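# Descriptive structure summary
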Amino acid sequence: MPGATRMTFDFYTPVETINQDLWMDSPARDRMLDKLIALKRVYRDFIVLPERASELMKPRNSRSVTDNCLFAKKSFAFGPQGELKQKCMTGRKADCDRCGCVVPFYMASLVDRKRIVEDSARSLAGWPVRGTRSRPGAADGARAHRGKSSCPAGRAYQ
Ligand code: SF4
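Residues numbered from 1 in each chain as written. Predicted model: local features only at pLDDT ≥ 70, side-chain atom pairs only at ≥ 80, totals over all residues.

### Describing the overall build of the protein chain
For clarity, the cut-off: Numbering of helices and strands runs from the N terminus, with a helix taken as a DSSP run of H or I at least four residues long and a strand as a DSSP run of E at least two residues long. Every C-beta atom is placed from the backbone, and the number of other C-beta atoms within 10 Å of a residue's own sets its class: buried at 20 or more, exposed at 12 or fewer, partly exposed in between. Note on contacts: each residue gets a C-beta atom placed from the backbone, and two residues are in contact if those atoms are within 7 Å.
For the protein chain, the helix and strand inventory stands at seven helices and two strands. In sequence order, the protein chain lays out its α and β elements as α-α-α-α-β-β-α-α-α. When the 158 residues of the protein chain are sorted by exposure, 23% land in the buried category. At a minimum sequence separation of 6, the contacts of the protein chain that also span at least 24 residues come to 68%.

### Focus: the environment of S75
Residue position: S75 is located in the loop between α4 (70-74) and β1 (77-78). When the C-alpha atoms of S75 and P104 are compared, they prove to be 10.0 Å apart, with 29 residues separating the residues in sequence.

### Considering helix α6 (residues 113-126)
Given 3.6 residues per helical turn, the α-helix brings residues three or four places apart onto the same face. The condition that has to hold: Under the convention used throughout, the expected extent of a helix is 1.5 Å for every residue step, that is, one less than its residue count.
Here α6 spans 20 Å end to end across 14 residues, near enough to the 20 Å set by a 1.5 Å rise per residue. In terms of residue burial, α6 counts as a barely covered element, since only zero of its 14 residues are buried.

### Comments concerning the environment of K114
Examined against the element boundaries, K114 turns out to sit in helix α6. By C-beta crowding, K114 is classed as exposed, having 8 other C-beta atoms within 10 Å. Sequence separation between K114 and R52 is 62 residues, and the spatial gap between their C-alpha atoms is 9.6 Å.

### Considerations on helix α3 (residues 59-66)
How we decide: Starting at the helix axis, one direction is taken to each C-beta atom, and the arc is that of these directions.
Buried residues of α3: S62, V65 and T66, and no others. Projection of α3 onto a plane perpendicular to its axis shows the buried side chains occupying an angular sector of 85 degrees, all on one side. Opposite the packed face of α3, turned more than 90 degrees from it, sit the exposed residues R60, R63 and S64. Among the structural elements, α2 (51-57) and α5 (102-109) are those in contact with the buried residues of α3.

Shown next as structure tokens:
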């Protein structure tokens, strides 16, 4: 999108009363998050979500966040008539075990000290300086993910 300065993303969250086949299964979600992490290492702040939040969204980690959802505990959302929504912005029938909303994962990433230290160390050790994208080695991870495509995002949905 021309003029975009930042991007974030969500996955679909299944809701009990809505019959939609938009759920991305665990292997596909894993692959997608790996690609987003690789892109984050190249494009840095353009992708808003910190790497640790993407890691928390992976199926092997996600229940540690959703079983103790900080959004449900600490925040609130309103419906179109101004009524308070339970249990979150997705409504009371949202399937927490398959939550795709980035918010609880982002919130969890803000209080996960171990992952914050790891993210900071990784950033100091090898990421390119903001505004540059060509530092040798920094883009290798993304390159490996995108294979022969010249566009890092080009293979993201394959
Ligand atoms: S569906 Fe709502 S309450 Fe459940 S984990 Fe996701 S954000 Fe939290």
